[in-house]
Amino acid sequence: MEKTVRKKTPEKSLGARMIEGMEEAVAFMSGEADLSKYRIHIPAAIDTRAIRKKLKLTQREFATRYHIPLATLRDWEQGRRMPDAPARALIAAIREEPEAVRRALKRAAA
């Protein structure tokens with residue numbers, strides 16, 4: 001029996017991997033990256049109340065601004081229900097870019 005010997009590819013240095021990562025990040029942010037290579041992470045849980053409070057909004061203001069039924073928001077914040085994956089993605093987007101989400105929803109409603 002012959003053994004197949006695989007050539008070991010040299011590992012990239014930490015610096016080379018960091019540079020490659022930054023180049024990918026720049027391409028992604030500028031819209032030049034192939035988006036099919038990336039997965040979007042949707043958090044398993046999200047603290048809607050903390051995000052709302054950071055924005056200094058009442059439940060009613062937050063619900064109205066982001067087109068979320070007030071009763072649904074209350075259920076999430078009081079732990080009676082958990083947001084599903086699309087809702088968690090929306091809340092995560094609000095956490096990162098609240099004004100961009102607000103503008104997008106305003107345009108979509110027009």
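Residues numbered from 1 in each chain as written. Predicted model: local features only at pLDDT ≥ 70, side-chain atom pairs only at ≥ 80, totals over all residues. Heavy atoms only, no water.

1. Some details on the nonpolar core
For soluble globular proteins, nonpolar side chains are generally found buried alongside one another.
Step number 1: Residues F62, Y66, I68, I91 and I94 are the most contacted members of the largest nonpolar core, which totals 15 residues.
Step number 2: Examining the composition of this core, we find that 4 residues originate from one element, helix α5 (residues 85–96), more than from any other.
Step number 3: Those residues in contact with F62 that sit more than four places away from it in its chain are T48, I51, R52, L55, L57, I68, L73, I91 and I94. (Core = buried A, V, L, I, M, F, W, Y, C linked by side-chain atoms within 4.5 Å. Buried < 20%, exposed > 50% of the residue type's maximum accessible area, 1.4 Å probe, protein only. Helix = DSSP H or I, 4+ residues; strand = E, 2+ residues; numbered from the N terminus. Contact = heavy atoms within 4.5 Å.)

2. Some points on helix α1 (residues 14–29)
Step number 1: Spanning 16 residues, α1 covers 22 Å between terminal C-alpha atoms, matching the ideal 22 Å at 1.5 Å per step.
Step number 2: Where α1 ends, the next residue or the one after it, G31, has phi of about 85 degrees, a positive value. (Expected span 1.5 Å × (residues − 1).)

3. Things to note about the side chain of R88
Step number 1: You can see R88 is positioned in helix α5.
Step number 2: Buried charge without a salt bridge: R88, with D84 as the nearest opposite-charge side chain at an N-O distance of 6.2 Å.
Step number 3: A polar contact is formed between the side chain of R88 and the backbone oxygen of P83, at a distance of 2.9 Å.
Step number 4: Contacts of R88, omitting those with residues within four sequence positions, involve I42, P43, A44, A45, I46 and P83. (Lys, Arg positive; Asp, Glu negative; His and termini not counted. Salt bridge = Lys/Arg side-chain N within 4 Å of Asp/Glu carboxyl O. Polar contact = N/O pair within 3.5 Å; in protein donor to acceptor, adjacent residues only side chain to side chain.)

4. With respect to the side chain of E77
Step number 1: Here E77 shows up in helix α4 (residues 70–77).
Step number 2: Within the local environment of E77, its side chain forms a polar contact with the side chain of Q59, the two groups lying 2.8 Å apart.
Step number 3: With sequence-adjacent residues up to four places away left out, E77 is seen in contact with T48, R49, R52 and Q59.

5. Looking at the confidence of the model for the protein chain
Step number 1: Averaged over every residue, the pLDDT of the protein chain is 86; residues scoring 70 or more account for 91%.
Step number 2: Mean pLDDT in the protein chain bottoms out at α1, which sits at 79, and peaks at α4, which reaches 98. (pLDDT = per-residue confidence, 0-100.)

6. Quick word on α4
Step number 1: Where burial is concerned, most of α4 is hidden: 6 out of the 8 residues are buried.
Step number 2: Residues of α4 that are buried include every one of L70, T72, L73, D75, W76 and E77, and no others.
Step number 3: Looking at the buried positions of α4, the neighbouring elements they touch are α2 (48–54), α3 (59–65) and α5.
Step number 4: G79, located one to two residues past α4, shows a positive phi value of around 75 degrees.

7. Brief notes about the pattern of salt bridges
Note on pairing: side chains with opposite charge can pair once their charged atoms come close.
Step number 1: Per the stated rule, a full pass over the model turns up 5 salt bridges.
Step number 2: The shortest N-O distance in the salt bridge between E77 and R49 comes to 3.7 Å. Taken together, the residues span a long stretch of sequence, with E77 in helix α4 and R49 in helix α2 at a distance of 28 residues.
Step number 3: The exposure class of E77 is buried, given its relative accessible area of 9%.
Step number 4: When the shortest N-O distance is used, the salt bridge between R95 and E96 registers 2.9 Å.
Step number 5: A single network of salt bridges, built from pairs that share partners, joins R49, R52 and E77.

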